Amino acid sequence: QVQLVESGGGLVQAGGSLRLSCAASGRTFSRYVMGWFRQAPGKEREFVAAVSWSVSTYYADSVKGRFTISRDAAKNTVYLQMNDLKPEDTAVYYCAAGDRYYSRSLREYDYWGQGTQVTVSS
């Protein structure tokens, strides 16, 4: 059974940092793109960042320069380091895995975690 389990969310003040983790189990994701998406109340789920199996990284313009995605293939885990957080970063953050090299489209991801809440206070 494939599972993606996120952790590391919480409440932080503007300007602070959080590190999200996503532990994958049930199969090897070494040839999958791993991505982070987020969904704020009343808004659609949106792309945040992705890392390909060759460790190329991609970011939404809104987080570029503040967020860093990485993956540890040996641990089947992907991380999202979030620095200089802003109130507009408040959302539920989802980890996802897709059987392709890279994508920003949530429709092209095959497996999803349950999400972790990130709240940034002003």
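Our subject is the structure that appears above.
Residues numbered from 1 in each chain as written. Predicted model: local features only at pLDDT ≥ 70, side-chain atom pairs only at ≥ 80, totals over all residues. Heavy atoms only, no water.

Draft legend 1. Expanded view of the overall build of the chain. Broken down by element type, the chain carries zero helices and 11 strands. For the chain, the N- to C-terminal ordering of α and β elements is β-β-β-β-β-β-β-β-β-β-β. The C-alpha extent of the chain, read off along each of the three principal axes, is 40 × 30 × 25 Å. The buried share of the chain, reckoned over its 122 residues, is 43%. Within the chain, contacts between residues at least 6 apart in sequence are counted, and of these 60% link residues at least 24 apart. Accessible area of the chain: about 6,200 Å², with a carbon and sulfur share of 45%. (Helix = DSSP H or I, 4+ residues; strand = E, 2+ residues; numbered from the N terminus. Buried < 20%, exposed > 50% of the residue type's maximum accessible area, 1.4 Å probe, protein only. Contact = heavy atoms within 4.5 Å. Areas by Shrake-Rupley, 256 points an atom, 1.4 Å probe, with all protein chains shown as cover.)

Draft legend 2. The pairing of strand E1 (residues 3-7), seen in detail. Residue alternation in E1 divides its side chains into a buried set, Leu4 and Glu6, and an unburied set, Gln3, Val5 and Ser7. Alignment of E1 against strand E3 (residues 18-25), held across five bridges, turns out to be antiparallel. Within E3, the position partnered with Gln3 by the bridge is Ser25. (Pairing = 2+ DSSP bridges.)

Draft legend 3. Examining the pattern of salt bridges more closely. Applying the stated rule across the entire model yields four salt bridges. Arg38 serves as the salt-bridge partner of Glu46, at 2.7 Å between the closest nitrogen and oxygen. Looking at Glu46, the relative accessible area reads 36%, which means it is partly exposed. Taking the relative accessible area as the measure of exposure, Arg38 reaches 6% and is therefore buried. A salt bridge links Lys64 to Asp61; the shortest N-O distance between them is 3.2 Å. Relative accessible area serves as the criterion here: at 49%, Lys64 is assigned to the partly exposed category. The network of salt bridges with common partners includes Arg38, Glu46, Arg66 and Asp89. (Salt bridge = Lys/Arg side-chain N within 4 Å of Asp/Glu carboxyl O.)

Draft legend 4. Structural detail: the side chain of Ser103. Within the secondary structure, Ser103 sits in the loop between strand E9 (91-98) and strand E10 (111-112). Looking at Ser103, its side chain comes within polar contact range of the side chain of Glu108, at 2.5 Å. In this view, Ser103 contacts Val33, Phe47, Ala50, Glu108 and Tyr109; residues no more than four positions away in its chain are not counted. (Polar contact = N/O pair within 3.5 Å; in protein donor to acceptor, adjacent residues only side chain to side chain.)

Draft legend 5. Highlighting the sheet that holds strand E8 (residues 77-82). Ordered in space as E1-E3-E8-E7, the four strands form an open sheet in which the pairing is antiparallel. Because the sheet does not close on itself, it has two edges, and the strands there are E1 and strand E7 (67-72). Averaged over all pairs of adjacent strands, the angle between strand axes in this sheet comes to 15°, irrespective of strand direction. (Axes fitted to C-alpha atoms, helices over the stretch in contact; angles between N-to-C directions.)

Draft legend 6. Representation of the state of the cysteines. This structure, assessed with the given rule, holds one disulfide. The disulfide partner of Cys22 is Cys95, and the gap between their sulfur atoms is 2.1 Å. Between Cys22 and Cys95, the disulfide has an S-S torsion of -75° and is therefore left-handed. Of this pair, Cys22 sits in strand E3 while Cys95 is found in strand E9, placing the two residues 73 residues apart along the sequence. Given the relative accessible area of 0%, Cys22 is considered buried. A residue is classified by how much of its surface remains accessible, and Cys95, at 0% relative accessible area, is buried. (Disulfide = S-S within 2.5 Å.)

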